Amino acid sequence: MATLPSRVDRRLHDDAQQAATQHSRSTAQQIDHWARIGQQLEAARQTTDDAVEQVLAGRRTYDALTEEAQAVVRATWDERIEHTVAGLDFTSELEKAGIPWAESDEPGRLVSREAGRTRCARGFDPGTIRTTVASDRPVS
């Protein structure tokens, strides 16, 4: 994405810097985020910040909003989902908990993993397996 230099008020910059820290964004990304939301809100004159916030907080239905307000809500949801997904690290969580897991590798072979170990199941047809527990531990 091409960027252009611009000047912003010191107070806006400081506010954006503080908000950016809370949302794992750079200051420039936070200002861009606010600008996009503001653009959508301005385009939808009947949309209020309060109505969007009520939907995001689960106190109002999405369907009650105008199409423009729904677009703002969807953009905010997308950003929140991206942020959450970027922070996920299931491998570390499973390793810390000592829980083995199974997944398929690129060719579709079953791979059993646990902290420090990886085993590949050989000689099976992936299409014939419905449920597989890849662990030496008994299933409870």
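Residues numbered from 1 in each chain as written. Predicted model: local features only at pLDDT ≥ 70, side-chain atom pairs only at ≥ 80, totals over all residues. Heavy atoms only, no water.

(A) Geometry of the pattern of salt bridges. Evaluated as defined, the whole model comprises 6 salt bridges. The residue Glu79 makes a salt bridge to Arg25 at a minimum N-O spacing of 3.0 Å. Of the two residues, Glu79 is situated in helix 4 (residues 67-86) and Arg25 in the loop between helix 1 (10-22) and helix 2 (27-43); the sequence distance between them amounts to 54 residues. The class of Arg25 is partly exposed, set by a relative accessible area of 22%. Measuring nitrogen to oxygen at the nearest pair gives 2.3 Å for the salt bridge that ties Arg113 to Glu103. On the criterion of sequence distance, the pair formed by Arg113 in strand 2 (residues 110-114) and Glu103 in strand 1 (residues 101-104) is long-range, its members being 10 residues apart. Residue Arg113 is classed as partly exposed on the basis of its relative accessible area, which comes to 25%. Among the residues examined, Glu103 registers a relative accessible area of 33% and is labelled partly exposed. A single network of salt bridges, built from pairs that share partners, joins Arg25, Asp32, Arg36 and Glu79. (Salt bridge = Lys/Arg side-chain N within 4 Å of Asp/Glu carboxyl O. Helix = DSSP H or I, 4+ residues; strand = E, 2+ residues; numbered from the N terminus. Buried < 20%, exposed > 50% of the residue type's maximum accessible area, 1.4 Å probe, protein only.)

(B) Geometry of the nonpolar core. By size, the foremost hydrophobic cluster in this structure holds 9 residues: Leu41, Ala51, Val52, Val55, Leu56, Leu65, Ala69, Val72 and Val73. When contributions to this core are tallied by element, the ones reaching two or more residues are helix 3 (49-56) and helix 4. Of the residues forming this core, the biggest block, 4 residues, is contributed by helix 3. If sequence neighbours within four positions are ignored, Val72 has contacts with Ile37, Gln40, Leu41 and Val52. (Core = buried A, V, L, I, M, F, W, Y, C linked by side-chain atoms within 4.5 Å. Contact = heavy atoms within 4.5 Å.)

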